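So you can see what is in the structure, the chains are spelled out below.
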Amino acid sequence: MPLSKALKNYQSRIENVLSEQLKLLNVNDEQLLAAMRYSSTNGGKRIRPFLVYEVGQMLGASLNDLDAPAAAIELIHCYSLIHDDLPSMDDDDLRRGRPTCHKAFDEATAILAGDSIQSLSFDIISSKHYQAVPSKKVVQMIQVLAQSAGYAGMCGGQAMDLNATDCDISLAKLEQIHQLKTGALISAAVHLGYLCSPIDNPEIVNALKIYSNNIGLAFQVQDDILDIIGSTAELGKPQGSDINAAKSTYPALLGLEGAKQKAHLLIDEALHALSTLPYNTAILRDFAHYIIERKF
């Protein structure tokens, strides 16, 4: 199956899963629920669910069992975007080509929508009736999700990123920021797919960790590049927003060509890790190339 078809299939599947999960919620507050729907069913690349599904399927997990972790990690990502866009954070007005949540509704509703979506992710992953995932692994999945989303992962990285604004930092510090801010959830997606499978092999885990760490960092490098060379129409958010906000970026430290070389080196490392796996990794290899070839 070509990568484009796999991405489309998994995007369609996760859209349906998210829509059905939101339909199950009682209407306690119509505006809050509308804001949750607005921010979690508005498209996007859905690369984290893709990784859960593709890695899990490669290792023998069922699509039914993979639905919950795929939905959970995508909801964590959606909540993070709502909060990242707030005036007190990155202060953005446009997300995926539409007004950000706090612009479409109001700031208080956006904060609560993010909080509610985050809570929903843990509800989904913990209450799922799995076909072949033992309770011990379910607890591990909850732990992986919590650690990657919180202080030790995405939130910690976001705090470091904010503190590095308008500052000169080292390349090592920049990599640490983005391994947490962007890379942690991408690595978690791969790990969740593994945990849903019947495989229990430290060597497989290690190879997948190297793969996910490198594509996660490459994803951020490409984002930094696209902030310079992309267009607002393609990006779905203002072009040059990182430069205008005086953010620390790879092009700022390495130059545009240096950043491109860095992205390619990271993908080479990811592909080398995949080559050690005794599975058909063709789609995951193609996805690694897609990370640095995408235009949005």
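Residues numbered from 1 in each chain as written. Predicted model: local features only at pLDDT ≥ 70, side-chain atom pairs only at ≥ 80, totals over all residues. Heavy atoms only, no water.

Novice: Mind showing me how you'd approach the overall build of the chain here?
Specialist: Summing up its helical and strand segments, the chain has 16 helices and two strands in all. Expected size for 296 residues packed as a compact globule is a radius of gyration near 19 Å; at 18 Å, the chain falls within 12% of this value. Judged by the C-alpha coordinates and their principal axes, the chain covers about 50 × 50 × 35 Å. The 296 residues of the chain split such that 52% are buried. Within the chain, counting contacts between residues at least 6 apart in sequence, those at least 24 apart form 75% of the total. Roughly 13200 Å² of accessible area belongs to the chain as shown, and the carbon and sulfur atoms make up 51% of that amount. Of the side chains in the chain, 25 bear a positive and 34 a negative charge, and the two mean positions are spaced by 5 Å. (Helix = DSSP H or I, 4+ residues; strand = E, 2+ residues; numbered from the N terminus. Rg over C-alpha atoms; globule rule 2.2 N^0.38 Å. Buried < 20%, exposed > 50% of the residue type's maximum accessible area, 1.4 Å probe, protein only. Contact = heavy atoms within 4.5 Å. Areas by Shrake-Rupley, 256 points an atom, 1.4 Å probe, with all protein chains shown as cover. Lys, Arg positive; Asp, Glu negative; His and termini not counted. Charge placed at Lys NZ, Arg CZ, Asp CG, Glu CD.)

Novice: How should I be thinking about empty space enclosed by the protein in this particular structure?
Specialist: Applying the stated criterion across every chain, the model contains one cavity of 30 Å³ or more. By volume, the largest cavity amounts to about 110 Å³. Lining the largest cavity are 13 residues; nearest its centre among them are S39, N42, D85, R95 and C101. Of all the secondary-structure elements, those providing two or more residues to the lining of the largest cavity are α2 (30-40), α4 (63-84) and β2 (98-99). Sort the elements by how many residues they give to the lining of the largest cavity and α4 lands first, with three residues. Partitioned by chemical class, the residues of the lining of the largest cavity number six nonpolar, three polar and four charged. (1 Å grid on protein atoms, 1.4 Å probe; cavity = no way out; pocket = protein on both sides within 12 Å on 5 of 7 lines; lining within 4 Å. Points joined across faces, edges and corners; volume = space filled by probe spheres on them. Nonpolar A, V, L, I, M, F, W, Y, C, P; charged D, E, K, R; others polar.)

Novice: Could you clarify how one ought to interpret the state of the cysteines in this entry?
Specialist: Linking two cysteines covalently through their sulfur atoms gives a disulfide. On inspection of all chains with the given rule, the structure shows zero disulfides. Just so you know, C101 is unpaired, no disulfide at all, and the nearest cysteine sulfur is the one on C78, 11 Å from it. Since its relative accessible area comes to 5%, C101 is described here as buried. (Disulfide = S-S within 2.5 Å.)

Novice: Sorry, what's going on with the packing of helix α1 (residues 3-23) against α4 here?
Specialist: Any two packed helices are characterised by how steeply their axes cross, that is the angle between the axes, and by the distance between the axes. Running from N to C, α1 and α4 cross one another at 80°; their axes reach a closest spacing of 10 Å. By the criterion of interaxial angle, the relationship of α1 to α4 is roughly perpendicular. Contacts from Y10, R13, I14, V17 and L18 in α1 reach L63, N64, D67, A70, A71, E74 and L75 in α4. Residues of the contact of α1 with α4, tallied by class, amount to eight nonpolar, one polar and three charged. (Axes fitted to C-alpha atoms, helices over the stretch in contact; angles between N-to-C directions. Parallel < 35°, antiparallel > 145°, perpendicular 65-115°, else oblique.)

Novice: Please clarify how helix α3 (residues 47-58) should be interpreted in this entry.
Specialist: Relative to the 16 Å expected for 12 residues at 1.5 Å per residue, α3 spans 16 Å between its end C-alpha atoms, a close match to the ideal helical length. Of all 12 residues that make up α3, 11 are buried, and the element is covered over most of its length. All of the buried residues along α3 are I47, R48, P49, F50, L51, V52, Y53, E54, V55, G56 and M58. Elements in contact with the buried residues of α3: α1, α4, α10 (183-195), α11 (202-229) and α16 (282-293). A positive backbone phi angle near 100° is found at G60, which sits one or two residues after α3. (Expected span 1.5 Å × (residues − 1).)

Novice: Would you explain helix α15 (residues 256-274) in this entry?
Specialist: Residues separated by three or four positions in an α-helix point in the same direction, a consequence of the helix having 3.6 residues per turn. Counted at 1.5 Å a residue, the expected span for α15 with its 19 residues is 27 Å, and the 28 Å between its end C-alpha atoms agrees. What α15 keeps buried is the set A259, K262, A263, L266, I267, A270, L271, A273 and L274. Residues of α15 that are buried make contact with α9 (171-181), α11, α14 (250-254) and α16.

Novice: In this structure, what is going on with the layout of surface pockets? I would like to understand it.
Specialist: Empty space left among the atoms is revealed by rolling a probe the size of a water molecule over them. The calculated volume of the second largest pocket comes to roughly 420 Å³. Taken together, 18 residues line the second largest pocket, and the ones lying closest to its centre are A184, S187, A188, H191 and K209. When contributions to the lining of the second largest pocket are tallied by element, the ones reaching two or more residues are α7 (135-149), α9, α10 and α11. Among the elements that take part in the lining of the second largest pocket, α10 stands out by supplying seven residues, more than any other. Tallied by class, the residues present in the lining of the second largest pocket amount to nine nonpolar, eight polar and one charged.

Shape is all these values report; function is a separate question.
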